[in-house]
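Residue-level listing of the chains:
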Amino acid sequence: MTRRLTVAQALVAFLAHQYTERDGRRQRLIEACWGIFGHGNVAGIGQALLESEGALPYLQGRNEQAMVHAAVGYARQRDRLAAHAVTTSIGPGATNLVTGAALATINRLPVLLLPGDTFATRPADPVLQQLEHPGAGDVSVNDCLRPVSRYFDRITRPEALIPAALTAMRVLADPAETGAVTLALPQDVQAEAYDWPEEFFADRVWHVRRPAPDPAATADAVAAVRAARRPLIVAGGGVHHSEAEDALRALVEATGIPVASTQAGKGSLRHDHPADVGGIGHTGTAVADELARTADVVIGVGTRYSDFTTASATLFAPGVRFVNLNITSFDAHKLAALPLVADARAGLRALTEGLAGYRVPASYETEYAAGKGSWEAEVTRAYAVADPGARPTQAQVLGALDAVVGDEDVIINAAGSLPGDLHKLWRARSRRQYHLEYGYSCMGYEIPAAIGVRLAAPDRPVWALVGDGTYLMMPTELVTAVQEGVAIKVVLIQNHGYASIGGLSEAVGGERFGTAYRYRAPDGTYSGEPLPVDLAANAASLGMDVLRARTAGELRTMLAKARAADRPTCVYVETETADSVSGAPPAQAWWDVPVAETATRPAAVRARRDYERHAAARRRYLGT
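Residues numbered from 1 in each chain as written. Predicted model: local features only at pLDDT ≥ 70, side-chain atom pairs only at ≥ 80, totals over all residues. Heavy atoms only, no water.

A.B. asks: Just checking my understanding: could you explain the overall build of the protein for this structure?
C.D. replies: Counting its regular elements, the protein contains 24 helices and 23 strands. Computed over its C-alpha atoms, the radius of gyration of the protein comes to 25 Å, within 12% of the 25 Å expected for a compact globule of 624 residues. The burial tally for the protein puts 58% of its 624 residues in the buried class. Once local pairs closer than 6 in sequence are excluded, the contacts in the protein between residues at least 24 apart make up 76%. (Helix = DSSP H or I, 4+ residues; strand = E, 2+ residues; numbered from the N terminus. Rg over C-alpha atoms; globule rule 2.2 N^0.38 Å. Buried < 20%, exposed > 50% of the residue type's maximum accessible area, 1.4 Å probe, protein only. Contact = heavy atoms within 4.5 Å.)

A.B. asks: What is the right way to read the sheet that holds strand β13 (residues 259-261) from this model?
C.D. replies: Sheet strands line up and pair through hydrogen bonds in the backbone, either parallel or antiparallel. The strand order across the open sheet formed by six strands is β14-β13-β12-β15-β16-β17, and the pairing between neighbours is parallel. Since the sheet does not close on itself, it has two edges, and those belong to β14 (276-279) and β17 (338-341), each with one partner. Here the strands of the sheet are splayed against their neighbours by 20° on average, with no regard to which way each runs. When β13 meets β14, the two strands line up parallel, connected through two bridges. For V259, the partnering residue across the bridge sits in β14 and is D276. Where helix α8 (residues 215-226) meets the sheet, its contacts fall on β15 (297-301), β16 (321-326) and β17, and the angle it forms with β17 comes to roughly 130°. Sheet strands touched by helix α10 (residues 245-255): β12 (231-235) and β13. Its angle to β12, the strand with the most contacts, is close to 170°. (Pairing = 2+ DSSP bridges. Axes fitted to C-alpha atoms, helices over the stretch in contact; angles between N-to-C directions.)

A.B. asks: Sorry, what's going on with the sheet that holds strand β23 (residues 569-574) here?
C.D. replies: Pairing is parallel in the open sheet, where six strands are placed in the order β19-β18-β20-β21-β23-β22. Across the chains shown, the open sheet's two edge strands, defined by having one partner strand only, are β19 (434-436) and β22 (545-549). Averaged over all pairs of adjacent strands, the angle between strand axes in this sheet comes to 20°, irrespective of strand direction.

A.B. asks: Mind showing me how you'd approach the pairing of β23 here?
C.D. replies: Successive side chains on a regular strand alternate, one facing one side of the sheet and the next facing the other. Judged by how many residues are buried, β23 sits mostly within the fold: five of six residues are covered. Relative to β23, strand β21 (residues 489-494) runs parallel, the two sharing six bridges. Its bridge partner lying in β23, L492 is registered against Y572. When β22 meets β23, the two strands line up parallel, connected through five bridges.

A.B. asks: Explain the pattern of salt bridges to me, please; I cannot follow it from the model alone.
C.D. replies: Any two side chains of opposite charge can pair, so long as their charged atoms come close to each other. Within the structure shown, the criterion is met by 41 salt bridges. Note that K334 is salt-bridged to D331, the shortest N-O span being 2.8 Å. Take D331: its relative accessible area is 4%, and that puts it in the buried class. E612 serves as the salt-bridge partner of R608, at 3.0 Å between the closest nitrogen and oxygen. You can see R608 and its partner E612 sitting in helix α24 (residues 602-615), four residues apart, about one turn around the helix. (Salt bridge = Lys/Arg side-chain N within 4 Å of Asp/Glu carboxyl O.)

A.B. asks: Would you explain the side chain of D343 in this entry?
C.D. replies: Its place among the elements puts D343 in the loop between β17 and α14 (344-354). Residue D343 is classed as buried on the basis of its relative accessible area of 5%. One polar contact links D343 to R210, side chain to side chain, over a distance of 3.0 Å. (Polar contact = N/O pair within 3.5 Å; in protein donor to acceptor, adjacent residues only side chain to side chain.)

Everything listed is a geometric property; what it means functionally is a separate question.
In structure tokens:
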């Protein structure tokens, strides 16, 4: 039996019958398709979505990059078991996908990209928006997506869709392979009919595996930990993706091993668990970083060890031994570790069993408990408001939000100075409350991701925390939230510039050049008065309900109103200017940003001396 459909119609029908299953729970793999239509997909995927009559629900976006961000937020909230597709026309619509695709792949999160492409049959060459490459006739702008996709294929014949679609689903559903998957669809092929075997449209379940670690590797890891007196666990995003929080808690309660978390792993333990010592690395806590400096064994769980986590290879002591539990061999072998290539939950359970009877020295537990208490006092100090009538610091904004949210709220951020403050200060209450995209740290992620998270968890209050720099990058999806009635909450912090890069610029001798949003002064620098922009009015013009908090005292009231709102709502607050401190404690570990080796300006000369001092502490971890 066959069914005659266009390629686009067949693909939509196929996607409507794909499922994942893990631990006996089954769900749709591709639950909706975002799309902006143009000549490259309107008569193909667009017509197919219309003809499917909702079998694959359609979501309308305003920016192609933002649609990918929304899809990524959705997939992360759903523990990578369900995802969205994104369709675009050819040309700029397709190239706008590249940033979102890179973000998805770096963060190991599934999204299916369906960009239109130029004609496979080339009846007219070039067509509108076609990139002509004089040395290769088969190149299109979609080839930009190859390096940022985990799987890429161009469907130049109808029958080629069958193996490509199956491979795409395999990659999306595989926790060791997942990321952005691109099926480039020439506009003529999308509309071409073919007789498809009915088996292509049967329900297909992709079982998401939980591989157990190799017994010999487990024995080596257990032996290394048993010999340790100061072990430390570094919890990464893989803990959440695997739903391994209970297994992690069981391990630390049996052994007393403290847990520090990456940006992606924060919330693996509740903030008030005795073994949770907070964030690690450049944006980490004092207690976590000091434990990292003195650890003799570091157990990485689901982390890829970014430079922020390792403080650019200066944080961990020489001679430390790494044990890396990761679903991917690539990450498990980093830092010359003893690799445990396994699902995080399965691996943690194996370690707990193997470490029966082991516990860290009581003095070690006393030490990190004291450090945790000291840092908690720092958080309380940063959150405290001395003058309710003054503008809040950024840390005080977080303190006000901390006082308003419950365990079920989700806090989303990605870039600027907020990630550092959040990693140090935020008191994560539940496994998916803390949603930081810090693999690509992409400005503009927060608002569309909040929409995706809210679609995935419609019963949870979802907050997008954005500074003015991020907001100006991509506010357009506020219109989507209003259109769809997705009641996200946006906290819009106005500090008149790129606060994070301003601070970094000062640290590396750049003197905050080009980081303030101000008028140009007579000397040619941007050091005049702040620009008279009204971002609250802008958000209101896009359909948001806007609450203005003029003082620290008003802020908590406005946040509480926003939390209770059933419409998309923005809380606007002006904080200290971009060249002022955020109110959070300073960095507790280094980050390698090279400084000019030769300079005449005194600030750069001083910064270079500091850089060389820190850089001398870099080391290779070779596991001998």
